[in-house]
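Listed below are the residues making up each chain.
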Amino acid sequence: MPDLTTTYLGLTLANPIVPSSSPLTRDLASAKRLEDAGAAAIVMHSLFEEEIRNEYEQMERFVFHQVIGHAEAQSFHPEPGNYKSRLDTYLEQLQALKQALGIPVIASLNGISTDGWVEHGKQLQQAGADALELNVYYIPVDADETASEVEQRYIDLLIQLRQHVQLPISMKLSSQFSSPGNMVRKLQTAGAAGVSLFNRFYQPDIDLETLRVQHHLELSTSAEALLRIRWVALLRDQVTLTLAVTGGLHTEQDILKALLAGADVTHLCSELLKNGPERIRALLSALNTWMEEREYDSVRQLKGSVSRACAIDPAAYEHANYQAVLDSFSPAAGVRK
């Protein structure tokens, strides 16, 4: 039986399958099903600072800023008895997961302010998280904001958080940086233990009847994984932090390609939402079969064996692939060549 053990963010994991942030990791029962099916760790659903802020502002308005019509009682503000905030609920869920599961639990934080990132990061650490994933969902809509300014937001955030939190930190990145490789290196220098490639930006649509923007949640396809796999292959020999592929992983072939490119772990979401936590068991069985048939002893042995570093001519790895794809296309019958 091949050894599927891998390492991620300084954690030793039984295999490279780690369910990413999703409704399945929000619920204790489904998280337990993920573990029973073979998940090596889980990433919790994201804690959104914006939701916490909005909730607090509503509480301020309805409890502390209300006018009740009696001057002598105007300063009396009853404390809500059993009220639990989103933050309280998230921290309790984290503690419950840590008590119920035997696998690492990685908290996910989506913030909007430096103070929020730091404060909530400290609370997640205190609640028992094994690691922290920073889901920095930032779209630079201001045309005056430069690429270097956008990058510096990420670097400054990480540096500030590293000063207050001892947990290993992974940055979940977009593919839209002008130089993803250089950005990953900067994050490594700033103290990131890993990066997750790449975040999926959900694109708004336009309703032609109402002329309003509408939002659809589209699950990923295997085709989306190719961009992630390519960048892991390009980066593997240029950085020392751990690399995760997230987005578009559905089959054992997708997972194997990511590992061969150099990924340390693979994050699954859409496939598990469609087919349930038990899908992990089938994927692990297929990984074992593939490795046994090709006489791989371990994940460590195959990891990165098809990365840029293993190419005969690494400098040609990027452009030659582009040319080969174009040359491989054949027009449909009857179309002039």
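What you are looking at is a predicted structure, and each value in this text was computed from that prediction instead of being measured.

Novice: Please explain the pattern of salt bridges as it appears in this structure.
Specialist: Side chains that differ in charge, positive against negative, can pair when their charged atoms come close. Throughout the structure, instances matching the rule amount to 11 salt bridges. D36 is paired through a salt bridge with K32; the nearest N and O atoms lie 3.9 Å apart. On the criterion of helical spacing, the pair formed by D36 and K32 is a turn pair, its members being 4 residues apart in helix α1 (residues 28-37). Among the charged side chains, a salt-bridge network with shared partners connects K32, E35 and D36.

Novice: Before we go on, may I ask you to explain the sheet that holds strand β8 (residues 194-197) in this structure?
Specialist: Whenever strands of a sheet pair, they do so through backbone hydrogen bonds, lying parallel or antiparallel. Taken in spatial order, the 8 strands of this open sheet run β3-β12-β11-β8-β7-β6-β5-β4, and their pairing is parallel. Either end of the sheet is taken by a strand with one partner, and the two such strands are β3 (17-19) and β4 (42-48). Between one strand axis and the next, the sheet turns by 25° as a mean value, whatever way the strands run.

Novice: Help me understand the packing of aromatic side chains, please; the structure alone is not making it clear to me.
Specialist: For any pair of aromatic rings, the description rests on two quantities: the centre-to-centre distance and the angle between the ring planes. Counted under the stated rule, the structure contains 2 aromatic pairs. With centroids separated by 5.2 Å and ring planes inclined at 75°, the aromatic side chains of Y154 and F177 adopt a geometry described as edge-to-face. Taken together, the positions of Y154 in helix α5 (residues 147-162) and F177 in the loop between β7 (169-173) and α6 (180-190) put the pair 23 residues apart, joining distant regions of the chain. Each member of the pair, Y154 as well as F177, is classed as buried. Between W290 and Y296, the aromatic rings sit 5.6 Å apart at their centres with planes inclined by 10°, giving stacked as the arrangement.

Novice: How should I be thinking about the nonpolar core in this particular structure?
Specialist: A general trend in soluble globular proteins is that nonpolar side chains are found buried together. Grouped together as the largest cluster of nonpolar side chains are 74 residues, with contacts concentrated most on L134, M171 and L187. When near neighbours in sequence (up to four residues on either side) are disregarded, L134 contacts L109, W117, L157, L161, I169, S170, M171 and K172. Counting residues in each nonpolar core, the second largest holds 12 residues, with Y8, L9, A41 and A244 among its members.

Reading the values: rules and limits
Residues numbered from 1 in each chain as written. Predicted model: local features only at pLDDT ≥ 70, side-chain atom pairs only at ≥ 80, totals over all residues. Heavy atoms only, no water. Salt bridge = Lys/Arg side-chain N within 4 Å of Asp/Glu carboxyl O. Helix = DSSP H or I, 4+ residues; strand = E, 2+ residues; numbered from the N terminus. Pairing = 2+ DSSP bridges. Axes fitted to C-alpha atoms, helices over the stretch in contact; angles between N-to-C directions. Phe/Tyr/Trp six-rings, centres within 6.5 Å; stacked < 30°, edge-to-face > 60°. Buried < 20%, exposed > 50% of the residue type's maximum accessible area, 1.4 Å probe, protein only. Core = buried A, V, L, I, M, F, W, Y, C linked by side-chain atoms within 4.5 Å. Contact = heavy atoms within 4.5 Å.

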